[in-house]
Structures are given as structure tokens and as C-alpha cells.
6 protein chains.
Amino acid sequence: MPIVTVQQGPRDVELKRDLVARITDAFVDALNVPAESVQVWIQEVPTDSWAIGGVLTADRPKK
Amino acid sequence: MPIVTVQQGPRDVELKRDLVARITDAFVDALNVPAESVQVWIQEVPTDSWAIGGVLTADRPKK
Amino acid sequence: MPIVTVQQGPRDVELKRDLVARITDAFVDALNVPAESVQVWIQEVPTDSWAIGGVLTADRPKK
Amino acid sequence: MPIVTVQQGPRDVELKRDLVARITDAFVDALNVPAESVQVWIQEVPTDSWAIGGVLTADRPKK
Amino acid sequence: MPIVTVQQGPRDVELKRDLVARITDAFVDALNVPAESVQVWIQEVPTDSWAIGGVLTADRPKK
Amino acid sequence: MPIVTVQQGPRDVELKRDLVARITDAFVDALNVPAESVQVWIQEVPTDSWAIGGVLTADRPKK
């Protein structure tokens, strides 16, 4: 039943593989729902399409 | 007025053409709203970015 | 697999019952997916929280 | 940076308190991002407004 | 065409009236699209259903 | 705190740079929140994946 939509920048598939497993575990452990009922959808948004404080992430100095 | 957002894997344009027409008809028939008031937005998500049961779709054996 | 999120104003349950059945049929008929794989989530938004053309729906004259 | 939107039925605040902490940990552990960069938004949808297989959850026999 | 979904805590209608007008102006001025093509949907989420840094807003000390 | 998700067709980065700044100003001016608390996520959807009135935008005659 829980549908999880994640908005974040692009990530390697290994990281996403680990992330979706951990997010699903969070629901199983916190809500005692079956893992198969949990769906995770990752919306990857490029850095020139999201902003914090009115500044595109692409325009911010690299950390 | 109704805004419909669909999250699914990539599909051919012919299928999407048929799908958006049928979804719009569903609103016209069920809610008696004008077709022009219905918007359908399809968010295509690659198989390495969505998961059921903690497993990426890309990692599941092909059916 | 398809997750359908609908943003619209509040509706009676009878209308929603008909709507979700028709939306699901649209996916089954257009994409040949099993009905059980289709989820429909209706986000009901009051008229003082959505706007077209910069005007809240609650502020528009009743039709 | 990661914005997490959860669509699910209504839950007690204790469960939500535990859930948001675990989801945030999933991002910190999998992506090595600071916890403060993770936001979780829970959209609680009543059972007469979401459906699987074309049937409202409210219309399904209680488990 | 642009559909704008805002996730935030509950606000008075006066503030929302001003907000949707300003958001619509932002699209008209930046993208030169007609105001009538812009829709703004505000999803009001109570403080016990959203979190930053793994802590529910409701659990944070009032500012 | 406000998370703004925009669904629209693809746009040049200059337009998006101006748009996110203006949207953020709208929240600062209307709600008196700090700019750094506002996030804008632009979901760019190709014209063969969104429809008004049951017709894909890609299928509509160019204006």
C-alpha cells in the first residue's frame, strides 16, 4: 500500500539498489506491513531543474 | 480541473496515445466533466529507479 | 505497476467508486496490464487551495 | 536535498514518528547525505479515496 | 500547461490567495505563458505528517 | 519548508533560472518565509507524455 516517491538528483544504480531496500525496511519495521506492499519511485531531477533558495543547484559552487 | 499524474515504466507513444484518451473518457463518463478540463501527465521511470518489495524492477527476472 | 495520482476537488464516494474502476479499465485495455497492478490515489483539494489563472477556485463565481 | 513523499492511509502519530526517523536513516546510510537535507512528507489518503485493482480500499472486506 | 503542486503546512486563505496570484505571475513573467494555463494545487500537510532531519515538525520546539 | 513541484514541458536553463527565482520570491513575499526554506523541483515531461482533453500535446498542431 505505501507509495513512496523520491525527488533527488541522479545517482548510481548501486546506491539506488541499497536505498530502495532500506526505505522498504523502514516501512516493514515501523508499520509492520509486508515488503511486497511497498513501492518506491525515484524521480531523478538534473541539477539545472531544481533549486533551493531561488538558485538552481547547477549554479551553486561545487562542494 | 482533474490533474492526473501517472508513474510507470517507459511505453511506446501509440500506447500512451490510447491510454490518455481512455483515462480522459473515464473522467468524462464518471464525473461528467468536460474533456478539456482533464490533464494527464505521464512520469516515465526507468526500471532501475523503481522498486516493489525493496527490489529494483531492473533486478527482477524478466517475465 | 502504474501508480495514478489524481488531484481534484472533493467528490461523493459513489462517483469515486465509479471513477477508480474506469481509470483501472483504461490501463487494462490500453496497456494490457493486470487490474491488480494498478493503484489510484485521489488527493482531494478544497476549493480554497487550488487555482487556475491565479484565482482560487473558491473565489470564482459558482457556475 | 532528497524530498520523500509518502502516500498511505491514516496512521497514529507514534508510528509516523518512527517511520520518518527510519526513512531518514535510510538516506543517511545509503547515500551518505546529512539528515537535515532529507524531508519526508506523508500524504494521508482515506480508504474511500484510493484503490487497487479498481476497487476502493473502503469497499474491500476488512482483513 | 504548467501544473504547480505545493506541499506546505496549513495557511490562512488570505495568504493562499496572495500566494497563488504571485506564483502565477512568476510563470507569466518568466515563461510568457497565459495566466489561464497555470494551475496551482496546494497540498496542506499537518505538522505531525512531515519531517526534516527525521524529526516531525510537530515535535520541534516552537520558534 | 514549502516544496514546489512543477510539471511542464522542457525549457531552456535561462528560463528555468529566472522561473525558480521568481517562484521563490512569491513565497518570500506572500508567506514571509526565508528563501532558503523554499525548494523548487521542475519535472520536465516530453510532449508525447502529457495530454489535455485526451490528446497528446505532441499530436496537437503547433501554434
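Given the structure is predicted, the values throughout are model-derived calculations rather than measurements.

A. The arrangement of the relation of the copies chain D and chain C in detail. Superposing chain D onto chain C takes a rotation of 120° plus a shift of 0.0 Å along the axis, which leaves an RMSD of 0.0 Å. Here the symmetry operator amounts to a three-fold rotation axis. Looking at the rotation axis and the C-alpha trace of chain D, the residue lying nearest is Gln43 of chain D, at 4.8 Å. The residues that chain D uses at the interface reappear at the interface of chain C in only 7% of cases, marking distinct surfaces.

B. Here's a closer look at the layout of surface pockets. Quantified by volume, the largest pocket comes out at close to 1300 Å³. Contributing to the lining of the largest pocket are 37 residues, with Ile52 of chain A, Glu36 and Gln39 of chain D together with Glu36 and Gln39 of chain F lying nearest its centre. At the level of secondary structure, the elements contributing two or more residues to the lining of the largest pocket comprise β3 (50-52) of chain A together with β3 (50-52) of chain E. Here the residues of the lining of the largest pocket are counted per class, giving 17 nonpolar, 10 polar and 10 charged.

C. Highlighting the arrangement of the chains. There is a clear gap between chain B and chain D: no contact, and 12 Å between their nearest C-alpha atoms. Chain A shows no contact with chain E. Their nearest C-alpha atoms sit 12 Å apart.

D. Local environment of the interface of chain A and chain D. Each side of the interface is counted separately: chain A has 22 residues, and chain D has 22 residues. Carbon and sulfur atoms make up 67% of the area that chain A and chain D hide from each other, which totals about 2100 Å². At the boundary of chain A and chain D, one finds 2 salt bridges. Notably, a salt bridge pairs Asp29 of chain D with Arg22 of chain A, separated by 3.8 Å at the nearest N-O pair. At the junction of chain A and chain D, the tally comes to 3 residue pairs in polar contact (both at pLDDT 80 or more). Looking at the side of chain A that touches chain D element by element, the count peaks at 10 residues for helix α1 (residues 13-31) of chain A. Residue classes in the side of chain A that touches chain D are distributed as 14 nonpolar, 4 polar and 4 charged. Where strand β1 (residues 3-8) of chain A lies against strand β1 (residues 3-8) of chain D, 5 bridges are found, and the strand directions are antiparallel. Bridge pairing in β1 of chain D links Val6 of chain A to Val4 of chain D.

E. Quick peek at the UniProt feature "domain: 4-oxalocrotonate tautomerase-like" (unreviewed entry) in chain A. When the UniProt feature table is mapped onto this chain numbering, "domain: 4-oxalocrotonate tautomerase-like" (unreviewed entry) sits at residues 3-59 of chain A. Structurally, residues 3-59 of chain A is divided into 33% helix and 30% strand, and its ends, taken at the C-alpha atoms, are 32 Å apart.

F. Structural detail: the interface of chain D and chain C. Across the boundary between the two partners, chain D contributes 14 residues, which contact 16 residues of chain C. At the junction of chain D and chain C, the tally comes to 3 salt bridges. A salt bridge links Asp59 of chain D to Arg17 of chain C, with the shortest nitrogen-to-oxygen separation between them at 2.6 Å. Summed over the shared surface of chain D and chain C, the number is 11 residue pairs in polar contact (both at pLDDT 80 or more). Counting residues per element, the ones that place at least two in the side of chain D that touches chain C are β1 and β3 (50-52) of chain D. In terms of residue count, the dominant contributor to the side of chain D that touches chain C is β3 of chain D (3 residues).

G. Geometry of the packing of α1 of chain A against helix α1 (residues 13-31) of chain D. Following both chains from N to C, one finds α1 of chain A and α1 of chain D inclined at 160°, their axes separated by 9 Å at the closest point. In terms of axis orientation, α1 of chain A runs roughly antiparallel to α1 of chain D. At the point where α1 of chain A passes α1 of chain D, the crossing takes the right-handed sense. In this structure, α1 of chain A uses Leu15, Asp18, Leu19, Arg22, Ile23, Ala26, Phe27, Asp29, Ala30 and Leu31 of chain A to contact α1 of chain D, whose residues at the interface are Leu15, Asp18, Leu19, Arg22, Ile23, Ala26, Phe27, Asp29, Ala30 and Leu31 of chain D. When the residues that make up the contact of α1 of chain A with α1 of chain D are grouped by side-chain class, the tally is 14 nonpolar, no polar and 6 charged.

H. Geometry of the relation of the copies chain A and chain D. Expressed as a screw operation, the relation of chain A to chain D combines 0.0 Å of axial shift with a rotation of 180°, fitting to an RMSD of 0.0 Å. Put plainly, the chains are arranged around a two-fold axis. When the interface residues of chain A are mapped onto chain D, 100% of them are again interface residues, pointing to one common binding face.

I. Quick look at helix α1 (residues 13-31) of chain E. All names here are of chain E. In this model α1 runs 27 Å from its N-terminal to its C-terminal C-alpha over 19 residues, within 8% of the 27 Å that 1.5 Å per residue would give. For α1, every residue scored as buried is listed here: Lys16, Leu19, Val20, Ile23, Thr24, Ala26, Phe27, Ala30 and Leu31. For α1, the buried positions fall inside an angular range of 145° around the axis, keeping them on one side. Two residues or fewer past α1, Asn32 is found with a positive phi of approximately 60°.

About the criteria used
- Think of each chain on its own: its residues are numbered from 1, step by step along the sequence as written.
- Note on labels: chains are lettered from A, ligands numbered from 1, in written order.
- With the structure being a predicted model, the display of local features is reserved for residues of pLDDT at least 70 and the display and counting of side-chain atom pairs for 80 or more, all residues being used for whole-chain, interface and lining totals.
- Only hydrogens and water are removed before side-chain values are computed, so all heavy atoms of the structure are retained for them.
- What sets the superposition is a least-squares fit of C-alpha atoms, and only residues with pLDDT of at least 70 in both copies go into it.
- Residue contacts are counted whenever heavy atoms from the two residues lie within 4.5 Å of one another.
- Note on definitions: the grid is 1 Å and covers protein atoms alone; a cavity is a set of points where a 1.4 Å probe fits but cannot get out; a pocket is an open set with protein on both sides within 12 Å along at least five of seven lines; lining residues have an atom within 4 Å of a point.
- Grid points are joined across faces, edges and corners, and a volume is the space filled by probe spheres set on the points.
- The helix count covers DSSP runs of H or I at least four residues long, the strand count covers runs of E at least two residues long, and both are numbered beginning at the N terminus.
- Each residue gets one label: Ala, Val, Leu, Ile, Met, Phe, Trp, Tyr, Cys and Pro are nonpolar, Asp, Glu, Lys and Arg are charged, and the others, such as Gly, are polar.
- Accessible surface is computed with a 1.4 Å probe, and the buried area is the amount of it that two parts give up when combined, taken over both parts together.
- The salt bridge criterion pairs a side-chain nitrogen of Lys or Arg with a carboxyl oxygen of Asp or Glu, the two atoms within 4 Å.
- The definition of a polar contact used here is a pair of N or O atoms within 3.5 Å, where within protein one atom must be able to donate a hydrogen and the other to accept one, and adjacent residues in sequence count solely through side-chain atom pairs.
- Pairing between strands is defined by DSSP: at least two bridges between the two strands are required.
- UniProt positions are given in the numbering used here, feature names are shortened, and annotations may be inferred rather than shown by experiment.
- What counts as an axis is a line fitted to C-alpha atoms, over the stretch in contact for a helix, and the angles between N-to-C directions run from 0 to 180 degrees.
- With respect to orientation, any angle under 35 degrees is reported as roughly parallel, any angle over 145 as roughly antiparallel, any angle of 65 to 115 as roughly perpendicular, and every other angle as oblique.
- Crossing chirality is assigned from the near helix's rotation relative to the far helix, an anticlockwise turn below a right angle marking it left-handed and a clockwise turn marking it right-handed.
- Between the first and last residue of a helix there are one fewer steps than residues, each counted as 1.5 Å, and that sum is the expected span.
- Exposed residues in this analysis have more than 50% of their type's maximum accessible area, buried residues have under 20%, and partly exposed residues fall in between, with area computed by a 1.4 Å probe over protein chains only.
- Here the arc refers to the directions that run from the helix axis out to each C-beta atom.

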